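Next come the chains, spelled out residue by residue.
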Amino acid sequence: MPTSPRRRARLASSLALALGTAVALLPAAPAGARPAGDTLFTDQGNSGYQVRVYDVTMDYQPLTNRATARVLVRARAARTLDSFHLDFSGPRVTEVLVDGVAARHRRTGAHELVVTPAEPVRRGRFTVAVSWRGEPPEHTDADGSTEGWVRTSDGAVALGEPVGAMTWLPSNNTPGDKARFRYAITVPTGYEVAANGDLVGRDESATSTTWRWDARDPMATYLAMVAIGQFDVHESTTTSLDGRTIPIWSFTDPTTGSAAEARAALPEIIAFNERLFGPYPFTSAGLVVDDARVGYALETQTRAFYPPGAATTSTVVHEVAHQWVGNAVTLTDWHDIWLAEGFAVYAEWLYAAEHGGPRPGQRFDALYARPASDDLWSPAPTRFTDSADLFGEPVYLRGAMTLHALRQRVGDDDFFAILRAWVRRHDDANVRTRDLVRLSERVSGEELSGLFREWLVRDGKPRGY
Ligand code: ARG
Ligand code: ZN
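It should be emphasised that the depicted structure is a prediction, and the values quoted were computed from it without experimental measurement. (Residues numbered from 1 in each chain as written. Chains lettered and ligands numbered in written order. Predicted model: local features only at pLDDT ≥ 70, side-chain atom pairs only at ≥ 80, totals over all residues. Heavy atoms only, no water.)

With that settled, consider the domain arrangement of the chain. We note that the domain assignment places domain 1 (5-26 + 331-457) and domain 2 (49-330) within the chain. Measuring from the centre of the C-alpha atoms in domain 1 to the corresponding centre in domain 2 gives 26 Å. Between domain 1 and domain 2 lies a buried interface of about 3,100 Å² when both sides are counted; carbon and sulfur atoms form 63% of it. There are 11 residue pairs in polar contact (both at pLDDT 80 or more) connecting domain 1 and domain 2. Going through the elements one at a time, α1 (5-11), α2 (13-25), α5 (338-354), α8 (412-426) and β22 (429-431) are the ones with two or more residues in the side of domain 1 that touches domain 2. (Domains from an automatic or database assignment. Buried area = accessible area lost by both parts, 1.4 Å probe. Polar contact = N/O pair within 3.5 Å; in protein donor to acceptor, adjacent residues only side chain to side chain. Helix = DSSP H or I, 4+ residues; strand = E, 2+ residues; numbered from the N terminus.)

Turning to the sheet that holds strand β18 (residues 245-252), a few remarks are in order. Taken together, four strands build an open sheet; the order of strands is β17-β18-β19-β20 and the sheet is mixed. In this open sheet, the two edge strands, each paired with only one partner strand, are β17 (232-239) and β20 (304-306). This sheet shows a mean twist of 15° between the axes of neighbouring strands, independent of strand direction. Contacting β17, β18 and β19 (287-289), helix α3 (residues 260-277) crosses the sheet at an angle of about 140° to β18. (Pairing = 2+ DSSP bridges. Axes fitted to C-alpha atoms, helices over the stretch in contact; angles between N-to-C directions. Contact = heavy atoms within 4.5 Å.)

It is worth spelling out unusual backbone geometry at this point. The step from Glu-161 to Pro-162 runs through a cis peptide bond, and the omega angle for that step is 5°. Along the chain, Pro-162 falls in the loop between β11 (155-159) and β12 (179-188). In this chain, Ser-378 is followed by Pro-379 through a cis amide linkage whose omega measures -5°. Looking at the element boundaries, Pro-379 is found in the loop between α6 (360-368) and α7 (393-410). Of note, the phi angle at Asp-99 is positive, near 50°, even though the residue is not glycine. Phi is positive for Thr-302, close to 70°, though the residue is something other than glycine. The residue Thr-302 is located in the loop between β19 and β20 in this model.

Across 12 bridges, strand β1 (residues 49-61) lies against strand β2 (residues 66-77) in antiparallel orientation. Across the sheet, the residue bridging to Tyr-60 is Ala-67, located in β2. Hairpin connection between β1 and β2: a loop of four residues separates the two successive antiparallel strands, and Asn-65 in this loop has a positive phi of roughly 65°.

So, about the confidence of the model for the chain. Keep in mind that low pLDDT regions are not for reading the predicted coordinates in detail. Across the chain, pLDDT averages 94, with 93% of residues at or above 70. For the chain, per-element mean pLDDT is lowest for α1, which scores 37, and highest for strand β13 (residues 192-195), which scores 99. Note on residues 3-29: pLDDT is under 50 here. Beyond four places in sequence and across chains, it has 30 contacts. The ipTM, which scores confidence in the relative placement of chains, is 0.98 for this predicted complex, and the corresponding pTM is 0.93. (pLDDT = per-residue confidence, 0-100.)

Put into structure tokens, the structure is as follows:
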């Protein structure tokens, strides 16, 4: 979680204004290049196709931060496409093939790679192979934070929330389009590569090693992570609530410590979240600690990322909780980010209470005591208009308070049943706030739209619960 969302939000509001203007001035897109329909990042994604698999092949040189990459996107067209686009703000594109045939391509706007195949793509399966070469850029968010391809002292780490994946991954960069990811990343001998999913191969040649990772469970592009550098690699296992052996692969930068406490706590923190949300939703786990200069940890799928010093117990609980709420069950639209952050904060509150900390009710009361003028109350969690507010207090804290208000209304039995049903029902899929309202009403038998409106939509301090 971010160290100081409020400070960053203030710093960057002017940048966000500029961004808003740029979006408004974009020319209307051709039919095949219509964006995905996100209401916050209106120019991200493409509604003309859905991605099944990203096959990422990359050769990376840590000393120069230069890479040669080929991303094979296996997709399904929703309709005939004369042309379409991928979000990409990375280096020079050297070749684009559609179903193996060279296609015309050009860059437009800040981040679009428009592809015009020799023959229109027919409805159904097709592939796009994008080759690029060069040094991928960082991406600065409206709140002033850094994401994208972030350089470290001995390599780089790719962090993509909300939109930074496009700095290296030509993609349908919108959370509603989840896909399988496979990586084959080649680095000089002596370097290690962490990514999402399961480590399925390590092919060594005389001078280099190719690290193969497979993230089979569908994943949003914002959760894609690649960390390259010199790491200590720690392997262990844990057993999930449903009896599976879950490999844990953790990568820690030895110059910043070994994160021994966080690694030791992982199995217990996973087990805690399983009691809350149900069986661990993926096939492997772990963490990455690296010296990227970013002010936040990130719940990158299966293997969350922590900058030095960030892997405290509460933050590990938070990022592990996201594996269920945010990663397995993913927002469709960025205005629903509270469905990730509010839940992860509430998991932190519950964990702390089980370990001698304040009870959620006490946290709620302390926050509720803040004056009506406090930034916590505005904009309401789903009502920000500026992407600089994505990681602000209303989303995190008022979001968690919303869940506590729900719990007070429906009682503990129904509340915890709702949490488990939420994940069981929407595992591997995408959700909107209205899905939670509906589910909560079904489980509790109560009319709850008023409560959710008061807590998530109405500007200003809510009128209790
Ligand atoms: N989702 C992260 C967390 O709370 C925070 C990400 C912040 N990202 C950013 N670009 N500022 O766990
Ligand atoms: Zn979070």
